[in-house]
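# Descriptive structure summary
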Amino acid sequence: MSIFDKFRPVSSALQDLTNYGVETVNVVIERFISPFEAVINGRQTVLAGTNNYLGLTFDQECIRAACEALRQEGTGTTGSRMANGNYAGHIALERELAEFFSRKGAIVFSTGYVAIIGMMTALAGPGDVILIDSDCHASIYDGCRLGGAQFILFKHNDIADLEKRLRRLGKQTENTLIVVEGIYSMLGDRAMLSDITEVKKKYGACLLVDEAHSLGVLGKQGRGLAEEAGVEDDVDFIVGTFSKSLGAIGGFCVSNHPQLELIRCVSRPYIFTASPSPSVIASTRAALKILRTRPELRSRLWENARKLYQRLKDMGFVLGPEPSPIISVRLKDKGKAVASWKKLLERGVYVNMVLPPATTDGNPLLRCSVSAGHTPEQVEQICEAFASLQDVPEPAPMS
Amino acid sequence: MQDYRELVVKLCDILRPFNEEGIDLKEETDLAADLGLDSLKVLELLVTVEDSFDISIPLNILPQVRTIKDFAEQLQQLLSERS
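Procedures and definitions
Residues numbered from 1 in each chain as written. Chains lettered and ligands numbered in written order. Predicted model: local features only at pLDDT ≥ 70, side-chain atom pairs only at ≥ 80, totals over all residues. Heavy atoms only, no water. Pairing = 2+ DSSP bridges. Helix = DSSP H or I, 4+ residues; strand = E, 2+ residues; numbered from the N terminus. Buried < 20%, exposed > 50% of the residue type's maximum accessible area, 1.4 Å probe, protein only. Contact = heavy atoms within 4.5 Å. Salt bridge = Lys/Arg side-chain N within 4 Å of Asp/Glu carboxyl O. Axes fitted to C-alpha atoms, helices over the stretch in contact; angles between N-to-C directions. Lys, Arg positive; Asp, Glu negative; His and termini not counted. Parallel < 35°, antiparallel > 145°, perpendicular 65-115°, else oblique. Left-handed = near helix turned anticlockwise from the far one by under 90°. Expected span 1.5 Å × (residues − 1). pLDDT = per-residue confidence, 0-100. Core = buried A, V, L, I, M, F, W, Y, C linked by side-chain atoms within 4.5 Å.

All names here are of chain A. Strand order in the open sheet formed by 4 strands is S1-S2-S3-S12, with mixed pairing between adjacent strands. One side of each edge strand has no neighbouring strand; the edge strands of this open sheet are strand S1 (29-34) and strand S12 (349-350). The sheet contact formed by strand S3 (residues 43-47) and S12 spans 2 bridges and is parallel. Each residue of the ladder has a partner; that of Val-46, found in S12, is Val-349.

Here's what the structure looks like:
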């Protein structure tokens with residue numbers, strides 16, 4: 001018996017993939033040609049699995065701001081804000097986020113993952129209850145496990161199931177936190193937020209919405225699903241990330257609750273993590289400004305998303321329930337998914353392959369993320385690559 | 001408090017549709033090793049048990065549940081907390 005014995009199933013799954021001639025977990029982007037084209041395996045490849053929704057990773061204004069911060073403040077903060085102090089940029093970004101969301105307060109975290117577990121573990125501990133949508137991201141499940149609260153699933157976007165579970169909790173609903181996502185990361189569908197806020201108010205629970213994939217994507221101002229659904233006042237906490245539409249890394253929470261400031265003193269993932277580097281904060285601030293002032297990026301993103309969704313649908317692929325910048329092709333067979341993913345890469349298109357148990361229904365996905373920065377030619381190349389999959393032979397079954 | 005024996009009988013009854021091999025269901029029956037329940041099947045089972053007893057089962061209990069006996073004990077605890 002060894003501490004490594006538990007890795008056997010993972011090792012065997014990886015070996016299966018290797019036998020198929022794919023190294024999905026070791027894809028190397030060797031060189032960038034443009035924001036959405038890079039060299040992978042020596043081949044020019046369109047990047048269709050980036051979450052770079054507004055295409056800002058190579059924006060000149062963001063790069064200039066990051067370079068300036070590097071020169072003025074150095075490469076890193078080398079410690080947590082609690083111990084090493086705040087940089088002016090951290091405070092400025094928090095002020096700008098609070099203003100953007102029209103909230104009283106904001107906290108910046110070092111990554112989106114840290115933001116969600118930092119908030120969830122601080123808000124819901126032993127004796128509290130967390131109710132989460134079953135399609136929530138792994139970070140939300142981890143936030144449940146680490147905090148020590150009882151955690152209960154409700155069926156994906158099933159409001160009757162959510163209400164049933166709140167009813168069963170009785171008086172405990174007063175210390176219950178409901179967690180949902182603006183756009184779900186696997187199938188790209190929205191939470192039914194309007195209905196969720198109604199139920200939440202009826203039972204007196206708190207609501208946290210993770211807008212990781214919907215910030216900059218939904219809402220007239222780009223604030224996410226809560227804005228689009230017109231229910232911002234009924235959402236207690238909005239959490240998001242800088243690593244998608246803002247093209248950097250980091251996370252945040254905004255809220256009107258006066259207790260938000262106390263989170264800084266009780267959230268271990270906030271206290272014990274090195275704070276974001278000055279260059280990251282600077283490029284994020286520049287990207288947030290662009291998000292606010294260039295709504296045409298959002299329009300272009302949706303134009304590309306609707307086009308790709310419709311084309312893939314017309315080809316007969318089974319997709320997520322609604323057009324979205326996340327477009328997932330749902331497959332029944334793991335071997336078919338692996339062979340298809342490999343063929344897409346050979347055709348110069350990189351998408352994300354998601355295999356069970358990471359998927360919502362136990363079936364594999366080929367997940368595309370569309371960007372405002374994709375050119376019409378690149379969208380066309382993605383479509384043509386998927387069209388070529390109709391020739392992929394049925395592979396031998398995988399374990 | 002709900003009788004433990006009754007809970008085991010009721011659980012065995014609920015587990016019948018999940019028992020694809022038709023094995024003899026006993027307190028020691030291992031949900032994963034003997035019945036071959038994967039994580040999705042376990043969630044399906046949880047929902048059936050939840051609706052049957054009109055309770056919500058926190059996922060935190062799962063690491064403590066390996067056999068029908070473990071499940072019945074956890075269920076008994078949850079039901080006693082509710083009453």
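There's more to say after this.
We now examine the side chain of Asn-52 of chain A. Residue and element names in this part refer to chain A. For Asn-52, the location among the structural elements is in the loop between S3 and helix H2 (60-73). Among the residues examined, Asn-52 registers a relative accessible area of 6% and is labelled buried. With residues near it in sequence (within four places) discarded, Asn-52 still touches Phe-36, Thr-57, Lys-244 and Ser-371.

Residues and elements named next belong to chain A. A positive phi angle is found at Asn-51, which is not glycine, with a value near 65°. By the element assignment, Asn-51 lies in the loop between S3 and H2. Note on Asn-51: relative accessible area 16%, which makes it buried. Positive phi outside glycine occurs at Thr-78, with the angle close to 55°.

Here we take up the pattern of salt bridges. All names here are of chain A. This model, assessed by the stated rule, comprises 31 salt bridges over all chains. For the salt bridge of Asp-142 with Arg-145, the shortest nitrogen-to-oxygen distance reads 3.5 Å. Taken together, the residues span about one helical turn, with Asp-142 and Arg-145 both in helix H6 (residues 138-147) at a distance of 3 residues. Overall, Asp-142 belongs to the partly exposed group, its relative accessible area being 22%. Classification of Arg-145 as exposed rests on a relative accessible area of 52%.

Moving on: the sheet that holds strand S13 (residues 352-354) of chain A. All names here are of chain A. Overall, antiparallel pairing links the 3 strands, which are arranged S11-S14-S13 in an open sheet. In this open sheet, the two edge strands, each paired with only one partner strand, are strand S11 (326-330) and S13. Across this sheet, the average inter-strand angle for adjacent strands is 25°, counted without regard to direction. Judged from the 5 bridges that link them, S11 and strand S14 (residues 365-369) form a sheet pairing that is antiparallel. Looking across to S14, one finds that Val-329 is bridged to Leu-366.

As a further point, take the side chain of Glu-37 of chain A. Residue and element names in this part refer to chain A. By the element assignment, Glu-37 lies in strand S2 (residues 37-40). Among buried charged residues, Glu-37 stands out as having no salt bridge; its nearest opposite-charge side chain is Arg-31, 10 Å away. Residue contacts for Glu-37: discarding those within four places in its chain leaves Phe-32, Gln-44, Thr-45, Val-46, Leu-47 and Gln-378.

All names here are of chain A. Between helix H4 (residues 88-100) and helix H12 (residues 278-293), the least distance of the axes is 10 Å, while the angle of their chain directions is 20°. Between H4 and H12, the angle falls in the class roughly parallel. Remark: the crossing between H4 and H12 carries left-handed chirality. For the pair formed by H4 and H12, the contact residues are Gly-89, His-90, Ala-92, Leu-93, Glu-96, Leu-97, Glu-99 and Phe-100 on the first element and Ile-281, Thr-284, Arg-285, Leu-288, Leu-291 and Arg-292 on the second.

All names here are of chain A. A rise of 1.5 Å per residue sets the reference length of H4, with its 13 residues, at 18 Å; its end C-alpha atoms lie 18 Å apart and thus fit the reference within 8%. Where the residues of H4 are buried, they touch helix H3 (81-84), strand S4 (105-109), strand S10 (251-255), helix H10 (260-266) and H12. The first or second residue beyond H4 is Ser-102, which carries a positive phi of 55°.

Residue and element names in this part refer to chain B. Taken as a whole, chain B shows an average pLDDT of 91; of its residues, 98% reach a score of 70 or greater. Confidence scores differ between elements of chain B, with helix H2 (residues 39-53) showing the lowest mean pLDDT of 90 and helix H1 (residues 4-15) the highest of 93. Scored as a complex, the prediction yields pTM 0.94 and ipTM 0.85.

All right, on to the nonpolar core then. Residue and element names in this part refer to chain A. Membership of the largest hydrophobic core comes to 114 residues, with the highest contact counts inside it found for Leu-97 and Val-180. For this core, the leading source of residues is H12, giving 8 residues. The residues contacting Leu-97, other than those within four sequence positions of it, are Ala-106, Val-108, Phe-242, Phe-252, Val-254 and Leu-288. If you look at the next biggest cluster of nonpolar residues, it comprises 35 residues, including Ala-48, Met-353, Val-379 and Cys-383.

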